[in-house]
Amino acid sequence: MESFSVWRSSVFSLYLLLPLLLKQLTLVSAKKSYIVHMKERHDPGVHPTHLDWYTATLLSSSDSLIYAYTSVYNGFAATLDPQQLHALRTSDSVLGVYEDTLYTLHTTRTPEFLGLQAHSEFWEDLHQASHNVVIGVLDTGVWPESQSFDDSQMPQIPTRWRGSCDSAPDFDPSLCNNKLIGARSFSKGYRMASGNARKPRDLASPRDGNGHGTHTASIAAGSAVSNATLLGYATGTARGMAPQARVAAYKVCWTDGCFASDILAGMDQAIQDGVDVLSLSLGGSSSSVPYYFDTIAIGAFAAMERGIFVSCSAGNTGPRSGSVANVAPWIMTVGAGTLDRDFPAYVTLGNGKRFAGVSLYSGEGMGDKPVGLIYFSDRSNSSSSICMPGSLDPETVRGKVVVCDRGLNARVEKGTVVRDAGGLGMILANTGMSGEGLVADSHLVAAVAVGESAGDEIKEYASLDPNPTAVLSFGGTVLNVRPSPVVAAFSSRGPNEVTAQILKPDVIGPGVNILAGWSGAVGPSGSEDTRKTRFNIMSGTSMSCPHISGLAALLKAAHPDWSPSAIKSALMTTAYTHDNTESPLRDATGEEALSTPWAYGAGHVNPQKALSPGLVYDASTQDYIAFLCSLNYTLDHLRLVVKHSDANCSTKFADPGDLNYPSFSVVFGSNKVVQYTRTLTNVGKAASVYDVVVSTPSTVEITVNPNRVSFAEVGECQTYKVTFVSNRSVSDSVASEFGSIMWSNEEHEVRSPVAFTWTYF
């Protein structure tokens, strides 16, 4: 009887405590990760360290703290329950609290294609100078055993370097060397978001289990490796753009993507370590986030203040208009173009027609005997037409070639779906979204990718012929392809949806079918691929970005006193807009389509000319602050980007387009007249004179005053004003046109693209 009384008392007590326990459980389950931006500077007299300051602000134990930022941010990342979140958002010492956001990951030929001859005495001297330049790569980590990080030609690490290499169960710090001088990982944000799940492939380690990080790092600064190849394709000597520069890898991307808190931590550490260039082949899902909400833009601003050049990929959501990402003017935004190298493959139909495509398939092939061809055109089962997993009937597919529309699932996965259903081969057909842009893949089944027009004709044949057949054949590696470069269809496009007066992307670089180092943990086509290769061929603005990062390192070595904006200007104003057939740059969205600055910015980079641009458009931290103020940001918004409690808008531009930028984007709205000021700095010879050459559509008049500038000394600055007058009639349906402003003399052509947009109809 006594035990029953005790039990009843315990149950009654539990009943009373249940609401409190449920409340506590709710608070625990409601915890999320946030980034907190502090308003005031750290006062060591009150709190000895930043960690003490942040913990005191958090009003809890430091266990809730994920990261404490010091270089990129006055603030921290933490897991917060609703009560903590409310307390911080109402605190006088807090500027803002934002939920952790997810970002995504967006060679043997490119050095020659870009004119970086390996045996030139000039380039050898420049490569020697680049020993002191460090490129920080924020990505999926690094495979240190890759030959691309061989240090046999490297001197001792510069004494100024403050970085290190993490120890992990699968990564010994001794794997770093005089080439790979830093390897760190930042996963706390990712782990918090995934409920602290610890998957074997997601160890807190700098090792690259994905391949993307090794690929991008070796593009930027990989050591020369002879006989590099992907399963027989693109054989040659692979080397990065700056093969003698140092590499520091910061792993911020994991299975589910790249979290803002981890990216900030990686940038924070890279700045403290002493990198000279930051390369980020990643970006957000939205192209219209204000700068004060954009993690990468905020981190890049802090880097720029310290003289660090920041290169970012433009994104792979082209050809959609306004899709370009990473558009802050202090960032170099890089789109993608093709090389003069291709991997041709062919589809021969039973009716005798032959279509050219591309492929990196390295298997035995199909032979030359035609086999059945099938395309699932029934709209009631559209998943079969795009070859989604589980959508193909083995009885129907077995022994045939299947036409798969591009879209939704990964290109290589479609081939795997065909193979698993018993198919002998696949024709991957572009749709209207991809146009004629082709990307070669290392398929596990015989497969050929074709453009939209060829795909439409093949599908029509497969649907109408009573006995359709096809043969797939493969042509290996072909060089000196014409025309090239061509702007990749996937490369994200302007206009800039954050600030229409800043033209983005800035330039394009090689980004299609790029061979570079690879991880030993994964096959060339993904985690289901059991093949192993030291190199892989990939496409994306993820590949074009590190090309520019490496070129920036070379410019930094050649001109140590140049600011990041001067390096950017040199790369932009010397870029070219005509291909190797002397025709205007084409766009892969259509066979005869011409491209525009919305896709290629100032043009395709030309590193030889960039080393001696003659003139540069320089910009200081204060210039960028005046730019931000011209956007009518509040002081709190400004201080979210600028890490100074005393930052203010005492100086501001009348228009964002007044920033001293190497390109122009002119928006005609209610005003038909737009006037901007630019300042040129002479980095060429003393006693230089330049005359202006203007190219403009008939709908706009451009007046440049003065039309001649003279420089007595190196480093001298001259200012000019340019007036744009719209003559366009309201009935004209064209919403945008393009021109250019070029300063030239016998030695230099300093060209700025001009994009015109009309917002009234």
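Residues numbered from 1 in each chain as written. Predicted model: local features only at pLDDT ≥ 70, side-chain atom pairs only at ≥ 80, totals over all residues. Heavy atoms only, no water.

1. Here's the deal with the nonpolar core
- In this structure, Ile263, Leu278, Leu280, Tyr291, Trp330, Leu571 and Leu628 are the most contacted members of the largest nonpolar core, which totals 113 residues.
- By residue number, the principal contributor to this core is helix H9 (residues 295–305), which donates 8 residues.
- In terms of domain composition, this core takes at least three residues from each of domain 1 (32–99) and domain 2 (121–340 + 484–611).
- Beyond its immediate chain neighbours, meaning those up to four positions away, leucine 571 contacts Phe309, Met332, Val507, Ile548, Leu551, Leu555, Val605 and Ala610. (Core = buried A, V, L, I, M, F, W, Y, C linked by side-chain atoms within 4.5 Å. Buried < 20%, exposed > 50% of the residue type's maximum accessible area, 1.4 Å probe, protein only. Helix = DSSP H or I, 4+ residues; strand = E, 2+ residues; numbered from the N terminus. Domains from an automatic or database assignment. Contact = heavy atoms within 4.5 Å.)

2. A look at the sheet that holds strand S35 (residues 700–705)
- Taken in spatial order, the 4 strands make up an open sheet running S31-S33-S37-S35, and their pairing is antiparallel. Only two strands of the sheet have a single partner each, and these edge strands are strand S31 (615–616) and S35. (Pairing = 2+ DSSP bridges.)

3. As for the environment of alanine 129
- Examined against the element boundaries, alanine 129 turns out to sit in helix H5 (residues 121–129).
- Under the relative-accessibility criterion, alanine 129 is labelled partly exposed at 30%.
- It is 9.9 Å that separates the C-alpha atoms of alanine 129 and histidine 559, two residues lying 430 residues apart in sequence.

4. Concerning the pairing of strand S22 (residues 425–429)
- A large share of S22 lies buried, amounting to 5 of its 5 residues.
- Side chains of S22 alternate between two faces, with Gly425, Ile427 and Ala429 and Met426 and Leu428 buried alike.
- The pairing of strand S21 (residues 401–405) with S22 spans 5 bridges and is classified as parallel. By the bridge assignment for S22, aspartate 405 is matched with alanine 429.

5. Some words on helix H13 (residues 452–464)
- For H13, with 13 residues, the first-to-last C-alpha span of 18 Å sits near the 18 Å given by 1.5 Å per residue.
- For H13, the complete set of buried residues consists of Ala454, Gly455, Ile458, Lys459, Tyr461 and Ala462. In an axial view of H13, the angular spread of the buried residues amounts to 160°, which keeps them on one side of the axis. (Expected span 1.5 Å × (residues − 1). Arc of directions from axis to C-beta.)

6. Quick word on helix H12 (residues 411–420)
- Regarding H12, the residues found buried are Val412, Lys414, Gly415, Thr416, Val417 and Val418.
- On its buried face, H12 sits against helix H11 (394–397), S21 and S22.
- Just beyond H12, the residue with positive phi is glycine 422, at close to 95°.

7. So, the pattern of salt bridges
- All chains considered together, the criterion is met by 16 salt bridges.
- Among the ionic pairs, aspartate 529 bridges to arginine 531, the shortest N-O distance being 2.7 Å.
- Overall, aspartate 529 belongs to the buried group, its relative accessible area being 3%.
- Among the ionic pairs, aspartate 579 bridges to arginine 586, the shortest N-O distance being 2.7 Å.
- In this structure aspartate 579 comes out as buried when scored by relative accessible area, which is 4%.
- A single salt-bridge network, built from bridges that share partners, covers Asp405, Asp456 and Lys459. (Salt bridge = Lys/Arg side-chain N within 4 Å of Asp/Glu carboxyl O.)

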